[in-house]
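For reference, the chains in residue letters:
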Amino acid sequence: MSRTFIPKVVTANALLEGDAVWLTEADTWTRDIRDAELLTDEAHADLRLLEAQSRKAEIAGAYLVDAKQNSDGPAPTHFREEFRTRGPSNYPHGKQVELS
Amino acid sequence: MSVIVTDTGFAPEDFTCGFVALSDIAANDCDYGIDLASDTAPTALVGLTNAAMIRIDFPSFADGRGFTLAAMLRSAGYKGRLRAKGHVLADQYAMARRSGFDEVEIDGALAARQPAEQWKFRADWQNHNYQARLRG
Amino acid sequence: MYTYTDFDEAFVRERVAQFRGQVERRIDGSLTEDEFKPLRLMNGLYLQLHAYMLRVAVPYGTLNPTQMRKLADIADRWDKGYGHFTTRQNIQYNWPKLQDVPDMLEALADVGMHAIQTSGNTIRNVTADHFAGAAADEIEDPRAIAELLRQWSTDHPEFQFLPRKFKIAVTGAAHDRAVTKAHDIGLRMVRNDAGEAGFEVIVGGGLGRTPMVGKVLRNFLPKADLLPYCEAIVSVYNLLGRRDNKYKARIKITVHENGLEKIQELVEDRFATIRAGFSGHDQDLLAKIEAAFAPPAFVTKSIGGYEATRLANPAFRSWTDTNLAEHKANGYAIVSISIKKHGATPGDATSDQMRVMADLAETYGHGELRISHEQNVILPHVHKSDLAKVYAALRQVDLATANIGLASDIIACPGMDYCALATARSIPIAQEIATRFDELEIEHEIGQLKIKISGCINACGHHHVGHIGILGLDRAGVESYQITLGGDGTETTTIGERAGRGFSADEIVPAIERLVTGYLGLRRDADETFLQAYRRLGKQPFKSILYPAQDKANAA
Ligand code: SF4
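Everything numeric in this text was worked out from a predicted model, so none of it was measured.

Novice: Help me out: how do you make sense of the sheet that holds strand S5 (residues 91-93) of chain C in this one?
Specialist: Through backbone hydrogen bonds, the strands of a sheet pair up, either in parallel or in antiparallel fashion. Residues and elements named next belong to chain C. Taken in spatial order, the five strands make up an open sheet running S1-S2-S5-S4-S13, and their pairing is antiparallel. One side of each edge strand has no neighbouring strand; the edge strands of this open sheet are strand S1 (45-47) and strand S13 (348-350). Averaged over all pairs of adjacent strands, the angle between their axes in this sheet comes to 30 degrees, without regard to strand direction. The sheet contact formed by strand S2 (residues 52-56) and S5 spans three bridges and is antiparallel. Of the residues in S5, the one forming a bridge with Arg-55 is Gln-92. The strands touched by helix H3 (residues 65-78) within the sheet are S2, strand S4 (82-85) and S5, with S5 carrying the most contacts at an inclination of about 15 degrees.

Right under this line is the structure:
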């Protein structure tokens, strides 16, 4: 019996700006997790991570993280990753204002 | 192919006697260089003062033990050639020289990624040296 | 105050040039992120949750007005108009862009500042008593020694790649405001039988995953031996400290595993060799540094107006009651400016606030400012006759909160609002607790209370030494907060005890309220502080207050 694979997204920090970015199907980096590629197959996810990690001039610290499919695209499942899509809670800074 | 880095840049290996591990030192017909691991105990440094060449391993640039081992060898009076070997970064060249190393040995891949200019940038390691200033 | 010599200036400029090159090489690919990371960390640059973070050293917490204004300018030009003062007397910028950082460092160099060794496995920014040079209970101003240590540790070739970070704190006073027993090396100035000033050397203290109170390595170290002795300690640690497990890599574990006697033996042995290499130049330099830290020219004038204003203005009186400390010079006071307005982020100051504080220091404070590890700003030398004007100016920019040492003067690390290592948020908890006590209007009645919050086990918020400590954790994907009680960061350093199970984000503020109002019912009289009551009564009554239902269940 194979355990079920929890869907993932590849995320990292942009090299120059330092903010959170996610890998899209088109091999670009997006600042909106809803545009990210949701990876539902483990082997494919591992491959996508390796590909992402090789793009050293664009990002730093790529990793795979759990995500779920919402009606408008992938969404984080853990509060840490949710904060990364938004920004800090003490000021209206970061993605919560930059994306809207 | 290993590259030897000094203040003047890159050069090929010129030490012809080869290296042996500390535990393999024996009566010999050549002044072998002695290889020291980064976890060499300070007590093992005793008696190496007359070696012709000592080469200290840096398994990772983050392993800074070699710098202290070098400083200890020098303060014990070692005057021979002292080499840092392994994963040493150009940015660590000044630290290596100030700790008492004469030179650094890196492999071809690292030399390709960090060319000679990046090392020569720190050939001025004697400048801006707080420690030298405090010790007089 | 010490100002950079040509040597310091040239050194820092050179370092900026090196870092500029390193940034370029990272961007062009000749450095990998793995290789760049320790280099950027050596220059104070982190990669956090939402952006890079630049940690700028405020050596031993001392700033002059020009430096403070420059910090404000940097905040405006390259960040979002504010900075965050930390528990290590540094300032952090939360939003720099990688390619701007060399310019920010260049701007710092213009005023004799840098971000060197504010991170990485190296000797970090040396911290000191924030009342240094002003405190009434001081043997000597410890900042000269701290500056000497700064110069010695800066770019030390042997110690840039230690097993783990290494923190040194120094105090010259009997009352320890520098948490010296929670540092890798703590230096407490003492006098020997002959009356000479020297140091009690404490080693192996630290908070984090395995909190430990430092142990005395040497009862009395003559001042002249300080650098070689510290070098011997760090040299022994560099070879002996564990590199196989980063949670066991700090010197506190090295001391614990090898025993204090063994460390003592090794250090004394190394010291004998290293001492010979110091020919006295360091002492010549120290003499010059000490001259630079000569006390300002204190003036004598009437303080009559001060007393009259105190009587006339209750808000001013309340502020003077909480935010002043005793100064060694007649007629002077040490002013603590609270960067803890109720509901605001602890330690955050806007660029406008920084400029006002700089102006006040220049006009009324002999040109000196300090950053405290409690994340407040200090004007160490203010004449009492100027206090009313200082207070009025602070009020204009929301800096006149009268809460120093009280329940809302909370230490909080950035937590998961910024920090990549965090397991939970700490800032919102601090904001809510402060707001709640303000609503209840009881914090003056409660009196001295230190609440300290960390967003993970690394304990940057010093929660172990808070009278009430709060540690944010991730429990199965939910933020959870664990309370410790009875901690103390002074000369009677004590690690707080865990109270029991953690609280959810919704429960934690009511729990703290319960605890503190409960203490009011337990204390002997209004003079018995929370910590004193805890020491007298032990954990049990406080635990019963925190976990009422559970207590009943146990009794049943
Ligand atoms: S205690 Fe943890 S969360 Fe807080 S600043 Fe330190 S590392 Fe970050």
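Novice: Help me understand the site of the ligand in this model?
Specialist: In the vicinity of the ligand, the contacting residues are Cys413(C), Pro414(C), Gly415(C), Cys419(C), Leu421(C), Ala422(C), Gly455(C), Cys456(C), Asn458(C), Ala459(C) and Cys460(C). Grouping the constituent residues of the shell around the ligand by class yields eight nonpolar, three polar and no charged.

Novice: Sorry, what's going on with the packing of aromatic side chains here?
Specialist: What describes a pair of aromatic rings is the distance from one ring centre to the other and the angle between the planes of the rings. All names here are of chain C. Scanning the entire structure with this criterion turns up 24 aromatic pairs over all chains. On the numbers, 5.5 Å between centres and 40 degrees between planes, the contact of Phe-166 with Tyr-237 is tilted. Highlighted residues: Phe-166 in the loop between helix H5 (143-153) and strand S7 (168-171) and Tyr-237 in helix H6 (residues 226-240), separated in sequence by 71 residues. Taken individually, Phe-166 and Tyr-237 each receive the classification buried, so the pair is uniform in this respect. Above the face of the Tyr-247 ring, Arg-209 is positioned so that its terminal group lies 3.7 Å from the ring centre. Across from the ring centre of Phe-503, 5.2 Å away, lies the NZ or CZ of Arg-501, which sits over that ring.

Novice: Just checking my understanding: could you explain the interface of chain C and chain A for this structure?
Specialist: The extent of an interface is frequently quoted as the accessible surface area lost upon association of the parts. Facing 33 residues of chain C, the contacting portion of chain A comprises 25 residues. Seen at the junction of chain C and chain A, the total is one salt bridge. Here Glu98(A) and Lys80(C) are joined by a salt bridge, their closest N and O atoms 3.9 Å apart. Seen at the junction of chain C and chain A, the total is twelve residue pairs in polar contact (both at pLDDT 80 or more). Counting residues per element, the ones that place at least two in the side of chain C that touches chain A are helix H1 (6-28), helix H14 (427-440) and strand S19 (478-485) of chain C. Per-element tally for the side of chain C that touches chain A: the top contributor is H14(C), with three residues. Along the lines of polarity and charge, the residues of the side of chain C that touches chain A split into 16 nonpolar, eight polar and nine charged.

Calculation criteria
Residues numbered from 1 in each chain as written. Chains lettered and ligands numbered in written order. Predicted model: local features only at pLDDT ≥ 70, side-chain atom pairs only at ≥ 80, totals over all residues. Heavy atoms only, no water. Pairing = 2+ DSSP bridges. Helix = DSSP H or I, 4+ residues; strand = E, 2+ residues; numbered from the N terminus. Axes fitted to C-alpha atoms, helices over the stretch in contact; angles between N-to-C directions. Contact = heavy atoms within 4.5 Å. Near = heavy atom within 4 Å. Nonpolar A, V, L, I, M, F, W, Y, C, P; charged D, E, K, R; others polar. Phe/Tyr/Trp six-rings, centres within 6.5 Å; stacked < 30°, edge-to-face > 60°. Buried < 20%, exposed > 50% of the residue type's maximum accessible area, 1.4 Å probe, protein only. Lys NZ or Arg CZ within 6 Å of the ring centre and 35° of its normal. Salt bridge = Lys/Arg side-chain N within 4 Å of Asp/Glu carboxyl O. Polar contact = N/O pair within 3.5 Å; in protein donor to acceptor, adjacent residues only side chain to side chain.

Coordinates in, geometry out; function isn't part of it.
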